[in-house]
There are 2 protein chains.
Amino acid sequence: MISQTEENYLKTLFNLTSLKGEASVNELSKQLDIKMPTVNSMMKRLAGKGLVVYESYKPLKLTDKGKKEAALIIRKHRLTEMYLVEKMGFGWEEVHVIAEQLEHVQSPAFFNKIDELLGFPKVDPHGSPIPDAHGKMESEQYIKLSDCQEGDVVTFMAVTHSSDAFLKFLNSRELSLGKVIRIKSKEEFDGTMEIGYGKRKSEMLSQEVCEKIQVTHEKKK
Amino acid sequence: MISQTEENYLKTLFNLTSLKGEASVNELSKQLDIKMPTVNSMMKRLAGKGLVVYESYKPLKLTDKGKKEAALIIRKHRLTEMYLVEKMGFGWEEVHVIAEQLEHVQSPAFFNKIDELLGFPKVDPHGSPIPDAHGKMESEQYIKLSDCQEGDVVTFMAVTHSSDAFLKFLNSRELSLGKVIRIKSKEEFDGTMEIGYGKRKSEMLSQEVCEKIQVTHEKKK
DNA sequence: TAAAAATATTAGCCTGTTCTAAGAATAAAG
DNA sequence: CTTTATTCTTAGAACAGGCTAATATTTTTA
Ligand SMILES: [Mn+2]
Ligand SMILES: [Mn+2]
Ligand SMILES: [Mn+2]
Ligand SMILES: [Mn+2]
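These numbers were taken from a predicted model, which means no experiment stands behind them. (Residues numbered from 1 in each chain as written. Chains lettered and ligands numbered in written order. Predicted model: local features only at pLDDT ≥ 70, side-chain atom pairs only at ≥ 80, totals over all residues. Heavy atoms only, no water.)

## Brief notes about the protein's contact with DNA strand C
Step number 1: Of all residues adjacent to DNA strand C, which total 23 residues, the nearest are Arg45(A), Asn40(B), Lys44(B), Tyr54(B) and Tyr57(B).
Step number 2: For DNA strand C, the backbone makes up 75% of the atoms found within 4 Å of the protein, where backbone means sugar plus phosphate.
Step number 3: The backbone of Lys35(A) places a nitrogen or oxygen atom 3.0 Å from a phosphate oxygen of DNA strand C.
Step number 4: Within the side chain of Thr38(A), one N or O atom sits 3.0 Å away from a phosphate oxygen of DNA strand C.
Step number 5: Elements with a contribution of two residues or more to the surface near DNA strand C: helix 1 (4–20) and helix 3 (36–48) of chain A together with helix 2 (25–32) and helix 3 (36–48) of chain B.
Step number 6: Considered class by class, the residues forming the surface near DNA strand C number 10 nonpolar, 8 polar and 5 charged. (Near = heavy atom within 4 Å. Polar contact = N/O pair within 3.5 Å; in protein donor to acceptor, adjacent residues only side chain to side chain. Helix = DSSP H or I, 4+ residues; strand = E, 2+ residues; numbered from the N terminus. Nonpolar A, V, L, I, M, F, W, Y, C, P; charged D, E, K, R; others polar.)

Given below as structure tokens:
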């Protein structure tokens, strides 16, 4: 049995390790806002349960079992977010905090029903992929808008951060998933971009914003 | 801040005290399946938070604050049950266990949305009243089917127990809320009743079942 | 009313999850 | 290659929420 607390550690570690395959106690501590000694002892405990690979002074890794458990929690989180947006009418900026709680509900029937009512969605409202019932997830193949060049035409596929403030900023610019974006110019000094999409012909986005926006180049046929 | 554990104590104490206005540590212990010393110390804790009136060797009572908190948890529980049945297609026998978890979600926006999507329902799928946003609940004015007499014609308004087994039994007899029931005969020895409703002209119900069924007499105009 | 049963309380222990303070190991800087 | 800074670990404490064993009180029975 994995507690709610343990689930939050697993999920966060999964997200941190998805980049380099490993993470430090320090990073995990900062991410969870829990002091290092607490994180350290929890890592030992999760290692005892076969979910984490822990060796003194070495970076943390998830075991295959740990990865699967984490992915299943993330599955519940993302299915929930999708349900809240699609079936209940919440905005994409509201659903993350609610899903942080609902992801811990223990009821396969509940999440199977959500999955079914949504028609087995592949991505959540932020464009992140939803792991399947076995914990398998397709890796995202997107690129950052900040890495694109003047003249590029790209499609807005996902955001890498789902804070209320950031998503409200995008709402204010009517910048939503699926929008086709033309990069009109890019300031090399600070990375600010001038872009156009839909009815909005000229919007300025800071590099900070562009780094959180994931896109694909338009398909060439 | 009231923890999930404390919420379950409050809710259970609310249900127990709704009959006589007070309850014993022993009753609460049995209901929660938690040993008496644990319940005892929790009662002191909740008394410290101003939610319970605790005096050594005296029956337990909820304070007004405790009653309100409990009613608001019950509100979330019952709204959730209604949503699961009406909007997600669950059977009334499935929803109680799921609602036991969802009732602890801390998100006014979530439950306000549910309330709104349901059109501000007054009762849950088991016929129990849903407290309003201030924790006010109309007391049920129903009578037990087991207290009715031969020849009575009554309407099935609520069940007093929502165990999976009991509700599945009612499902198997197509006996659902709103059905008009005619009492064809009543065996005085053991309280068994022969009733008719809808297409079912003769069904035998044990006293145990009849005691869990709440009805109203047909309105006389 | 005295004995027995039921109920309630206290004391002490355990696990889970957090913290602070202090020391050990590793990494970075000079 | 030392010194310094950072990171990691250990030790010890606290609180929440559970338990058992023992004791105290109240209620019931004889
Ligand atoms: Mn999210
Ligand atoms: Mn969470
Ligand atoms: Mn219920
Ligand atoms: Mn509950």
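On we go.
## Quick word on the nonpolar core
Across soluble globular proteins, nonpolar side chains show a tendency to be buried alongside one another.
Step number 1: With 31 residues, the main nonpolar core has Met88(A), Phe110(A), Ile114(A), Met88(B), Phe110(B) and Ile114(B) as its most contacted residues.
Step number 2: Mapped onto this core, the elements with two or more residues apiece are helix 4 (64–86), helix 5 (95–102) and helix 6 (108–117) of chain A together with helix 4 (64–86), helix 5 (95–102) and helix 6 (108–117) of chain B.
Step number 3: Ranked by the residues each element gives to this core, the list is headed by helix 4 of chain B, at 5 residues.
Step number 4: For Ile114(B), the contacting residues outside a window of four places in its chain are Met88(A), Leu79(B) and Tyr83(B). (Core = buried A, V, L, I, M, F, W, Y, C linked by side-chain atoms within 4.5 Å. Buried < 20%, exposed > 50% of the residue type's maximum accessible area, 1.4 Å probe, protein only. Contact = heavy atoms within 4.5 Å.)

## Observations concerning the relation of the copies chain B and chain A
Relating the two copies of this chain is a rotation about some axis coupled with a shift parallel to it.
Step number 1: Screw-axis analysis of chain B against chain A gives a translation of 0.0 Å along the axis, an RMSD of 0.1 Å, and a rotation angle of 180 degrees. As the rotation angle and translation indicate, the two copies are arranged about a two-fold axis. Of the C-alpha atoms belonging to chain B, the one lying closest to the rotation axis is found on Leu102(B), 3.8 Å away.
Step number 2: A share of 100% of interface residues in chain B that are also interface residues in chain A marks the association as one of identical surfaces. (Least-squares fit on C-alpha atoms with pLDDT ≥ 70 in both.)

## Considerations on helix 3 of chain B
Residue and element names in this part refer to chain B.
Step number 1: The end-to-end C-alpha distance of helix 3 is 18 Å, a good match for the 18 Å that 13 residues give at a rise of 1.5 Å each.
Step number 2: When we look at burial in helix 3, the residues that qualify are Val39, Met42, Met43 and Leu46. Each buried residue of helix 3 lies within a common arc of 110 degrees when the element is viewed along its axis, so the set occupies one face. Turned more than 90 degrees away from the buried face of helix 3, the exposed residues are Pro37 and Gly48.
Step number 3: Buried positions along helix 3 lie against helix 1 (4–20), helix 2 and strand 1 (52–53).
Step number 4: Immediately downstream of helix 3, the backbone of Gly50 shows phi near 75 degrees, a positive value. (Expected span 1.5 Å × (residues − 1). Arc of directions from axis to C-beta.)

## Here we look at the coordination of the manganese ion (ligand 1)
Six octahedral donors around a metal ideally sit at 90 or 180 degrees from one another, while four tetrahedral donors ideally sit at 109.5 degrees.
All names here are of chain A.
Step number 1: Here the manganese ion (ligand 1) is held by His77 (NE2), Glu81 (OE) and His96 (ND1), and the distances to it run 2.1 to 2.2 Å.
Step number 2: Read in sequence order, the donor residues for the manganese ion (ligand 1) give the motif H-x3-E-x14-H. Of this pair, His77 sits in helix 4 while His96 sits in helix 5, and the two are 19 residues apart along the sequence.
Step number 3: Overall, the relative accessible area of 6% leaves His77 in the buried class.
Step number 4: Residue classification places His96 among the partly exposed residues on the basis of a relative accessible area of 25%. (Donors = N, O, S within 2.8 Å, 3.2 Å for Na, K, Ca; no water.)

## Remarks on the domain arrangement of chain A
Size of an interface: often given as the accessible area lost when the parts come together.
Step number 1: Each assigned domain of chain A is listed here: domain 1 (4–62) and domain 2 (143–217).
Step number 2: Put simply, the middle of domain 1 of chain A and the middle of domain 2 of chain A, counted by C-alpha atoms, are 33 Å apart. (Domains from an automatic or database assignment.)

## Observations regarding the pairing of strand 5 (residues 180–186) of chain A
In summary, the side chains of a regular strand alternate between the two faces of the sheet.
Residues and elements named next belong to chain A.
Step number 1: The sheet contact formed by strand 4 (residues 153–159) and strand 5 spans 3 bridges and is antiparallel. Across the sheet, the residue bridging to Thr155 is Val180, located in strand 5.
Step number 2: Two successive antiparallel strands, strand 5 and strand 6 (residues 193–197), enclose a turn made up of 6 residues, where Gly191 displays a positive phi of approximately 80 degrees. (Pairing = 2+ DSSP bridges.)

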